[in-house]
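As a plain string of letters, each chain reads:
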Amino acid sequence: MPKLAHQILYRLLLAFTLVLSWVPAAWVDGAAEWVGRRLYGLGGRRQRQLRANLRIGMGTQATEEAVDAAAADVYASYARYMVEFFTLAWPDIWGRHARVKPDTGPLEAALSKGGGVVLFSIHMGNWDLGGSECSRRYGGFHSVGEQVEPLWLGMLMNRMRRTGGIRLHEGRGAARELLRALRKGEVVGLVADRLVVGQGVEVDLCGRAAVLPAGPVSLAIRTGAPFIPTCIERDGNGNLTVEFWPAVDLSDLGRGPSDVAKGVQRMADQLTLLIRRGYRSWYALQPIWRDEPGE
């Protein structure tokens, strides 16, 4: 597709997101949840993959009915997330930021030490809205961006995040920018429940073999920043409860590969707890475990 066509699509959809931001949130959210559940009911590869992941994440005691109900909830939550995300760049006239209900005490205590904080989580709740709120409160929220195709969609998503106060860093220079942010005492937030690029480290996640990124652990070890598991879970009223759990202790680890691998396993142990706790808000639509290709 020619670049001009991407630009036209980008501008048309940007205008649509502005119109969407004007529609009362109560109408849009209910419609989004309805659409999400209908999409789940259509079935398909993503739906099968989600159920396969949830079977592992929920544990052996989960029945097929419970897995199916949880998967439908995930799709409803994801549809609501998309509405929240694609209105992120515009004035919050319907109070979507007020949905974020954080227990800020642990984060503020960690930031008071002056060395920045590395938050990590799974793809759950609404990491983007939570990051935007964190930026509004504390002046800086940094993360790593993925290359999104097609071009018009990547442009739109970057616009939403950037205008919402989330500073995305891509490519080879991302690590350097994240290190700089931490040295300035700012917040870095990373999702770590699947490997996107690189080799990663094999770990035990929910009792099964998975490969997870080493970057979050390496960043925390190198800077000494608190390494904090973060639970962003959507409750029955559509609010996003945010809990900052006790920091993972990495103080005994060096920068070598074997020490980093130990740190990644400690991260995986916390991710397991996050999955067990927040699977109804977990957008696990891609393969995660090595021996579980799907349904």
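Please refer to the structure higher up on the page.
Rules behind the numbers
Chains are numbered independently. Their residues run from 1 in the order of the written sequence. Where local features are concerned, this predicted model is filtered to residues with pLDDT of at least 70; where side-chain atom pairs are given and counted, the filter is 80 or more; whole-chain, interface and lining totals use all residues. Calculated side-chain values reflect all of the structure's heavy atoms, with hydrogen atoms and water omitted. Here a cavity means grid points, on a 1 Å grid over the protein atoms only, where a 1.4 Å probe fits yet cannot get out; a pocket means an open set of points with protein on both sides within 12 Å along at least five of seven lines; lining residues are those with an atom within 4 Å of a point. Grid points are joined across faces, edges and corners, and a volume is the space filled by probe spheres set on the points. Counting from the N terminus, the helices are the DSSP runs of H or I reaching at least four residues and the strands are the DSSP runs of E reaching at least two. Under this grouping Gly is polar, as are all residues other than the nonpolar Ala, Val, Leu, Ile, Met, Phe, Trp, Tyr, Cys and Pro and the charged Asp, Glu, Lys and Arg. Summary of the burial criterion: residues with accessible area below 20% of their type's maximum are buried, those above 50% are exposed, and those between are partly exposed, where the area comes from a 1.4 Å probe applied to protein chains only. Here a residue-residue contact requires only that any non-hydrogen atoms of the pair lie within 4.5 Å. Expected helix span is given by 1.5 Å per residue-to-residue step, counting one fewer step than there are residues. Directions from the helix axis toward the C-beta atoms define the arc. By definition here, a salt bridge exists when the distance from a side-chain nitrogen of Lys or Arg to a carboxyl oxygen of Asp or Glu is within 4 Å. Working definition: a ring pair exists when centres of Phe, Tyr or Trp rings (six-membered ring for Trp) sit within 6.5 Å. Plane angles under 30 degrees give stacked, over 60 give edge-to-face, the rest tilted. Between N or O atoms, a polar contact is any pair within 3.5 Å; within protein, one atom must be a potential hydrogen donor and the other a potential acceptor, and residues adjacent in sequence are included only when both atoms are from side chains.

(A) Geometry of the layout of surface pockets. Of the pockets and cavities examined, the second largest pocket occupies roughly 220 Å³. Every element with two or more residues in the lining of the second largest pocket is listed here: α2 (25–42), α4 (64–85) and β8 (227–234). Considering each element in turn, the lining of the second largest pocket owes the most residues, four residues, to α4. Class assignment of the residues belonging to the lining of the second largest pocket gives a composition of one nonpolar, four polar and eight charged.

(B) The side chain of Ser143, seen in detail. For Ser143, the position within the fold is in strand β3 (residues 141–144). On the accessibility criterion, Ser143 (8% relative accessible area) is buried. Non-local contacts of Ser143, meaning those with residues more than four positions away in its chain, are made with Trp127, Arg167, Leu168, His169, Leu178, Gly189 and Leu190.

(C) Region of the structure containing helix α1 (residues 3–22). Helix length check: α1, at 20 residues, gives a terminal C-alpha distance of 29 Å against a target of 28 Å (1.5 Å per residue), a fit within 8%. Every buried residue of α1 is accounted for by His6, Tyr10, Leu14, Thr17, Leu20 and Ser21. Considered in projection along α1, the buried side chains sweep an arc of 115° and stay on one side of the axis. Within α1, the exposed residues directed more than 90 degrees away from the buried face are Leu4, Arg11, Leu12 and Trp22. In this fold, the buried residues of α1 make contact with α2, α4 and α7 (151–163).

(D) Examining the pattern of salt bridges more closely. A complete count under the given rule lists 18 salt bridges for this structure. A salt bridge links Arg161 to Asp128; the nearest nitrogen and oxygen atoms lie 2.6 Å apart. One end of the pair, Arg161, is in helix α7; the other, Asp128, is in helix α6 (residues 127–138), and 33 residues separate them in sequence. Here Arg161 and Asp128 have matching classes, each one buried. The network of salt bridges with common partners includes Asp29, Glu33, Arg80, Glu84, Arg96, Arg99 and Arg234.

(E) Representation of the packing of aromatic side chains within the structure. Applying the stated rule across the entire model yields nine aromatic pairs. Between Phe120 and Phe227, the aromatic rings sit 4.3 Å apart at their centres with planes inclined by 25°, giving stacked as the arrangement. Linking Phe120 in strand β2 (residues 117–121) with Phe227 in strand β8, this pair joins segments that are 107 residues apart in sequence. These aromatic residues form a ring-pair network of at least three members: Tyr78, Tyr81, Phe85, Phe86 and Tyr283.

(F) Inspection of the side chain of Asn126 at higher detail. Here Asn126 shows up in the loop between β2 and α6. On the accessibility criterion, Asn126 (1% relative accessible area) is buried. Looking at Asn126, its side chain comes within polar contact range of the side chain of Glu84, at 2.7 Å. Here the side chain of Asn126 touches Asp128 through a polar contact of 3.2 Å, landing on its backbone nitrogen. Every residue in contact with Asn126, bar those within four places of it in the chain, is listed here: Tyr81, Glu84, Phe85, Ile232, Arg234 and Leu240.

(G) Structural context of unusual backbone geometry. In this model, Glu149 is joined to Pro150 through a cis peptide bond whose omega is 0°. Within the secondary structure, Pro150 sits in the loop between β3 and α7.

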